[in-house]
Amino acid sequence: MTTFVLIHGSSADSHYWYRVTPLLEKAGHQVIAPDLPTGDDSADFDDYAAAVIDAVTDTVGVQNRGVVIVGQSMGAFVAPIVATKVPTALIVLLAPMIPVPGETPGSWWGDTGQPEAVQTYAEQNGFDPEFNPATIFFHDVPQDVTDELMKAGEPTQSEAIFRREFPLDAWPAVPTRVIACANDRMFPLPLQERLSEERLGVQPDVIDSGHLAAFGHPDLVAQKLEEYVSELG
């Protein structure tokens with residue numbers, strides 16, 4: 001059994017993982033999917049990480065053979081901090097905002113060239129690059145799932161976190177894998193591949209999904225996570 005710690009991104013909560021969790025549990029694994037303090041204007045990334053660390057220690061304690069930490073999108077700012085505080089066998093980043101020391105989520109977009117990457121990808125694939133959730137996020141999410149999420153509404157997200165710096169001086173010495181999404185309209189695949197290689201020295205694995213892979217293609221996410229666990233032995 002592996003313990004997966006699933007960290008959601010911005011403007012989200014633990015419900016992001018509701019279609020992936022049962023697949024991992026059916027395969028015999030344990031899943032911890034905490035809520036981050038996204039509505040707290042005073043919270044920084046250490047506070048976000050503390051919420052995850054508390055959930056891990058409450059569930060499995062500090063003595064374990066190493067969890068697998070999965071950070072989606074802005075969860076990539078949180079996953080490596082958690083990995084410095086709890087025994088970690090593997091970090092997995094899903095459609096991630098891979099940070100460098102001192103970078104903020106607000107500066108990440110310009111630092112990485114994300115707007116230009118989206119513009120190019122939109123021109124190549126015939127969609128409007130102006131941000132619209134239906135176009136950018138939900139284009140490959142099943143309609144019933146989309147309807148449910150729209151009815152529930154978007155979780156509160158404080159804008160303050162976008163001004164908080166990534167606090168680590170370097171990426172932790174923990175094996176790290178990146179899952180990029182071939183149809184990601186928020187972080188196009190060429191951008192993901194470049195950042196993975198430049199910032200982590202990692203070639204990403206690619207799944208056939210848009211940005212919200214856990215909503216749209218939970219089977220592909222779970223399958224890839226199980227492959228990584230199998231490789232760990």
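Going by the structure above, here's the rest.
Since this is a predicted model, take the numbers as computed values, not measurements. (Residues numbered from 1 in each chain as written. Predicted model: local features only at pLDDT ≥ 70, side-chain atom pairs only at ≥ 80, totals over all residues. Heavy atoms only, no water.)

Draft legend 1. Spatial organisation of the overall build of the chain. A tally of regular secondary structure across the chain gives 10 helices and six strands. Out of the 233 residues in the chain, the part that is buried amounts to 52%. Contacts in the chain between residues at least 24 apart in sequence constitute 74% of all its contacts with a sequence separation of at least 6. Looking at the chain, you have 12 positive and 34 negative side-chain charges, and the mean spots of the two groups are 4 Å apart. (Helix = DSSP H or I, 4+ residues; strand = E, 2+ residues; numbered from the N terminus. Buried < 20%, exposed > 50% of the residue type's maximum accessible area, 1.4 Å probe, protein only. Contact = heavy atoms within 4.5 Å. Lys, Arg positive; Asp, Glu negative; His and termini not counted. Charge placed at Lys NZ, Arg CZ, Asp CG, Glu CD.)

Draft legend 2. Up close: the pattern of salt bridges. Considering all chains together, one arrives at five salt bridges under this definition. For the salt bridge of arginine 199 with glutamate 103, the shortest nitrogen-to-oxygen distance reads 2.7 Å. Taken together, the residues span a long stretch of sequence, with arginine 199 in helix H8 (residues 189–200) and glutamate 103 in the loop between strand E4 (88–94) and helix H4 (105–112) at a distance of 96 residues. Classification of glutamate 103 by relative accessible area gives buried; the value is 4%. Measuring nitrogen to oxygen at the nearest pair gives 3.0 Å for the salt bridge that ties aspartate 205 to arginine 177. Of this pair, aspartate 205 sits in strand E6 (residues 205–207) while arginine 177 is found in strand E5 (residues 176–181), placing the two residues 28 residues apart along the sequence. A single salt-bridge network, built from bridges that share partners, covers Arg177, Asp205 and Glu231. (Salt bridge = Lys/Arg side-chain N within 4 Å of Asp/Glu carboxyl O.)

Draft legend 3. Region of interest: the environment of glycine 210. Examined against the element boundaries, glycine 210 turns out to sit in the loop between E6 and helix H9 (213–216). On the basis of relative accessible area, glycine 210 is assigned to the buried category, the value being 0%. In this structure the C-alpha to C-alpha distance between glycine 210 and valine 174, which are 36 residues apart in sequence, comes to 27 Å. Excluding residues within four positions of it along the chain, glycine 210 makes contact with His139, Asp140, Cys181, Asn183 and Asp184.

Draft legend 4. Structural detail: the layout of surface pockets. Taken as a whole, the largest pocket holds about 930 Å³ of empty space. Lining the largest pocket are 39 residues; nearest its centre among them are Ser10, Ser11, Phe131, Phe137 and Glu154. Mapped by element, the contributors of at least two residues to the lining of the largest pocket are helix H5 (114–125), helix H6 (133–136) and helix H7 (143–152). Across the lining of the largest pocket, the residue classes tally to 22 nonpolar, 11 polar and six charged. (1 Å grid on protein atoms, 1.4 Å probe; cavity = no way out; pocket = protein on both sides within 12 Å on 5 of 7 lines; lining within 4 Å. Points joined across faces, edges and corners; volume = space filled by probe spheres on them. Nonpolar A, V, L, I, M, F, W, Y, C, P; charged D, E, K, R; others polar.)

Draft legend 5. Quick look at the packing of aromatic side chains. All told, the structure shown has 12 aromatic pairs when counted by the stated rule. For the pair tyrosine 16 and phenylalanine 215, a centre-to-centre distance of 4.9 Å together with 65° between the ring planes defines the contact as edge-to-face. A residue pair is termed long-range when its members are at least 10 positions apart, and tyrosine 16 in the loop between strand E1 (3–7) and helix H1 (21–26) and phenylalanine 215 in helix H9 qualify at 199 residues. Since its relative accessible area comes to 3%, tyrosine 16 is described here as buried. On the basis of an interplanar angle of 90° and a centroid distance of 5.4 Å, the ring pair of tryptophan 108 and tryptophan 109 is categorised as edge-to-face. A relative accessible area of 0% places tryptophan 108 in the buried class. Its relative accessible area of 24% is what places tryptophan 109 among the partly exposed residues. Connected via pairs of aromatic rings, a cluster forms that spans Phe45, Tyr48, Phe77, Phe166 and Trp171. It is arginine 185 that lies over the ring of phenylalanine 127; its NZ or CZ is 4.4 Å from the centre. (Phe/Tyr/Trp six-rings, centres within 6.5 Å; stacked < 30°, edge-to-face > 60°. Lys NZ or Arg CZ within 6 Å of the ring centre and 35° of its normal.)

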